[in-house]
Amino acid sequence: MKQWLKWIGISATVGLLGACASSSPDVIQRGDSQRLAQVQGGVVLSIRNVVVDGNQSGVGAAVGGVVGAIGGFSGSGVQREAQVLGVLAGVAGAAAGNAIERFSTKEEAVEILVQLKNGDRRAIVQAKGGEQLVAGDPVVLVTTGSKVRVTKAPKN
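Residues numbered from 1 in each chain as written. Predicted model: local features only at pLDDT ≥ 70, side-chain atom pairs only at ≥ 80, totals over all residues. Heavy atoms only, no water.

## Focus on the overall build of the protein chain
Line of reasoning, step 1. On a plain count of helices and strands, the protein chain comes out with 3 helices and 5 strands.
Line of reasoning, step 2. From first element to last, N terminus to C terminus, the protein chain shows the α and β order α-β-α-α-β-β-β-β.
Line of reasoning, step 3. In the protein chain, buried positions account for 28% of the 156 residues.
Line of reasoning, step 4. Counted over contacts in the protein chain with a minimum sequence separation of 6, partners at least 24 positions apart contribute 64%. (Helix = DSSP H or I, 4+ residues; strand = E, 2+ residues; numbered from the N terminus. Buried < 20%, exposed > 50% of the residue type's maximum accessible area, 1.4 Å probe, protein only. Contact = heavy atoms within 4.5 Å.)

Right, dumping it as structure tokens:
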């Protein structure tokens, strides 16, 4: 029973750490603060919901593999059997850990098609934020380094 509680605890930790990452347009990364950004005006042509695939950094697989191997190895009192169980449970744990990491870092997003004032068109995918954009909304594209976010244009 203790082994299962340990497994659940480690899996929950991996899930929580993955959920800490955010690509929300409402959250500005520390490295992007106090930097000059380029701003372009435009109009939203269309918006569609998309899903940004989850992260597969290998951390989930590594943690799952170690936990599985330890749990499997301690599942038998016979040395040879414990080794085989440890390997099998390690492989299963790695697959489960990878799936947990990928699922917990998946994110709901929108693809925004914008027509700039000069006639050019841009498509931007960003996480859903607090602002609800609809076709026809005047917006600004804020570019900082290689990151772009779309927000409603201020009213004059």
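Once the structure has been displayed, the description carries forward.
## Notes on the environment of Val125
Line of reasoning, step 1. Note on placement: Val125 falls in strand E3 (residues 121-127).
Line of reasoning, step 2. Taking the C-alpha atoms as reference points, Val125 and Val52, separated by 73 residues in sequence, lie 8.7 Å from one another.
Line of reasoning, step 3. When neighbours within four sequence positions are excluded, Val125 is seen to be in contact with Val50, Val52, Ala109, Val110 and Glu111.

## Structural notes on the sheet that holds strand E2 (residues 107-116)
Line of reasoning, step 1. Spatial ordering of the open sheet is given by E3-E2-E1-E4-E5, a layout of 5 strands whose pairing is antiparallel. Each edge of the sheet is formed by a strand with only one pairing partner; in this case those strands are E3 and strand E5 (147-152). On average, each strand axis in the sheet is tilted by 45 degrees relative to the strand beside it, whichever way the strands run.
Line of reasoning, step 2. Note that strand E1 (residues 38-52) and E2 share 10 bridges and pair antiparallel. Of the residues in E2, the one forming a bridge with Val51 is Glu108. (Pairing = 2+ DSSP bridges. Axes fitted to C-alpha atoms, helices over the stretch in contact; angles between N-to-C directions.)

## Here we look at the pattern of salt bridges
Line of reasoning, step 1. Following the criterion strictly, the structure yields 2 salt bridges and no others.
Line of reasoning, step 2. The shortest N-O distance in the salt bridge between Arg48 and Glu111 comes to 2.7 Å. In this pair, Arg48 sits in strand E1 while Glu111 sits in strand E2, placing the two residues 63 residues apart along the sequence.
Line of reasoning, step 3. On the accessibility criterion, Arg48 (48% relative accessible area) is partly exposed.
Line of reasoning, step 4. In this structure, the salt-bridge partner of Arg122 is Asp120, at a minimum N-O distance of 3.8 Å.
Line of reasoning, step 5. By relative accessible area, which is 37% here, Arg122 ends up partly exposed.
Line of reasoning, step 6. Among the residues examined, Asp120 registers a relative accessible area of 34% and is labelled partly exposed. (Salt bridge = Lys/Arg side-chain N within 4 Å of Asp/Glu carboxyl O.)

## Observations regarding the nonpolar core
Line of reasoning, step 1. Counting 10 residues, the largest nonpolar core consists of Val44, Val110, Ile112, Val114, Leu116, Ile124, Leu133, Val139, Leu141 and Val150.
Line of reasoning, step 2. Every element with two or more residues in this core is listed here: E2 and strand E4 (138-144).
Line of reasoning, step 3. When residues in this core are grouped by element, the largest group, 4 residues, is from E2.
Line of reasoning, step 4. If sequence neighbours within four positions are ignored, Ile124 has contacts with Val110, Glu111, Ile112, Val114, Leu141, Val148 and Val150. (Core = buried A, V, L, I, M, F, W, Y, C linked by side-chain atoms within 4.5 Å.)

## What about the pairing of E3?
Line of reasoning, step 1. As paired elements, E2 and E3 share 7 bridges and run antiparallel to each other. In the strand pairing of E3, Ile112 is matched with Ile124.
Line of reasoning, step 2. Joining the antiparallel neighbours E2 and E3 is a turn of 4 residues, in which Gly119 adopts a positive phi near 100 degrees.

## So, the pairing of E5
Line of reasoning, step 1. Strand direction decides the pairing type here: E4 and E5, joined by 6 bridges, are antiparallel. Note that in E5 the partner of Thr144 across the bridge is Lys147.
Line of reasoning, step 2. Hairpin connection, E4 to E5: the antiparallel pair is bridged by 2 residues, and Gly145 has positive phi, about 65 degrees.

## A short note on the confidence of the model for the protein chain
Line of reasoning, step 1. Of all residues in the protein chain, 64% have pLDDT values of 70 or greater, and the mean over the chain is 75.
Line of reasoning, step 2. Predicted confidence is poor over residues 14-21, with pLDDT under 50, and the contacts of this stretch with residues over four places away or in other chains come to 7 contacts. (pLDDT = per-residue confidence, 0-100.)

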